[in-house]
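What the coordinates show
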Amino acid sequence: MLGQSKAFSGFSVDDLGQARRFYGETLGLDVDESGEGDMRMLTMKLGTGAQVFVYPKETHTPATFTILNFPVDDIEAAVAELTRRGVTLERYSGFDHDDKGIVRVGDGGPTAIAWFTDPAGNVLSVLQEN
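Residues numbered from 1 in each chain as written. Predicted model: local features only at pLDDT ≥ 70, side-chain atom pairs only at ≥ 80, totals over all residues. Heavy atoms only, no water.

Our focus in this paragraph is the overall build of the protein. A tally of regular secondary structure across the protein gives two helices and nine strands. Counting from the amino terminus, helix and strand elements in the protein follow one another as β-α-β-β-β-β-α-β-β-β-β. Taken against the 2.2 N^0.38 rule, which gives 14 Å for 130 residues, the C-alpha radius of gyration of the protein at 16 Å falls within 12% of a compact globule. Within the protein, buried positions represent 35% of all 130 residues. Across the protein, every contact between residues at least 6 apart in sequence was considered, and the portion connecting residues at least 24 apart equals 52%. When the accessible surface of the protein is split by element, carbon and sulfur atoms take 49% of a total near 8100 Å². (Helix = DSSP H or I, 4+ residues; strand = E, 2+ residues; numbered from the N terminus. Rg over C-alpha atoms; globule rule 2.2 N^0.38 Å. Buried < 20%, exposed > 50% of the residue type's maximum accessible area, 1.4 Å probe, protein only. Contact = heavy atoms within 4.5 Å. Areas by Shrake-Rupley, 256 points an atom, 1.4 Å probe, with all protein chains shown as cover.)

What follows is the structure, encoded as structure tokens:
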């Protein structure tokens, strides 16, 4: 029934201006802002052509799971650039992080992953696939 729908994902933030700067300037995504007053929103265009809707919410609670994963060819370079741009990597208990905050994994998934958060506390990742 919805197999041909141009579905999109969305998530909330507590400060749309901070989100626009973070996703547009820090991460370098194509971000458009639209609407007025309480109806302002961001539309982010991802490298796949997919779009993600970002909206402000006064009672925002950060997602406790990864809301966006960014596959990269070289996780070392991606982590170095994120760090240079002021992004702090998260370190979660139960994972063996290296000194840069990268977790090396194997057996069917990405070979390496590193997590970070947006200014609203939502979890994002960069990952290098096999």
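The next subject is the sheet that holds strand S4 (residues 51-56). Judged by pairing direction, the sheet is mixed, and its four strands sit side by side in the order S1-S4-S3-S2 without closing on themselves. Only two strands of the sheet have a single partner each, and these edge strands are strand S1 (9-13) and strand S2 (30-34). Neighbour to neighbour, the strand axes of the sheet diverge by 25° on average, direction disregarded. Pairing analysis gives five bridges linking S2 to strand S3 (residues 41-45), with the strands arranged antiparallel. The residue bridging Asp32 from the neighbouring strand is Thr43, located in S3. (Pairing = 2+ DSSP bridges. Axes fitted to C-alpha atoms, helices over the stretch in contact; angles between N-to-C directions.)

On average, the protein scores 92 in pLDDT, and the residues at 70 or more come to 98%. When pLDDT is averaged over each helix and strand of the protein, the minimum, 92, is found for strand S7 (residues 103-104) and the maximum, 97, for helix H1 (residues 16-26). (pLDDT = per-residue confidence, 0-100.)

Membership of the largest hydrophobic core comes to 29 residues, with the highest contact counts inside it found for Phe11, Tyr23, Leu27, Met44, Leu68 and Phe116. Of all the secondary-structure elements, those providing two or more residues to this core are S1, H1, S3, S4, strand S5 (66-71), helix H2 (75-84), strand S8 (112-117) and strand S9 (123-128). Beyond its immediate stretch of four places on either side in the chain, Met44 contacts Phe11, Tyr23, Leu29, Asp30, Val31, Ala50, Gln51, Val52, Val54 and Leu68. One finds Val103, Ile113, Val123 and Leu127 within the second-largest nonpolar core, a separate group that totals five residues. (Core = buried A, V, L, I, M, F, W, Y, C linked by side-chain atoms within 4.5 Å.)

The next thing to look at is H2. Along H2, the residues classified as buried are Ile75, Ala78, Val79 and Leu82. The arc that holds the buried residues of H2, viewed along the axis, is 95°, so those residues lie on one side. Positioned one or two residues after H2, Gly86 has a phi angle of 95°, which is positive. (Arc of directions from axis to C-beta.)

Counting through the fold element by element, Thr59 comes out in the loop between S4 and S5. When the C-alpha atoms of Thr59 and Ser12 are compared, they prove to be 9.3 Å apart, with 47 residues separating the residues in sequence.

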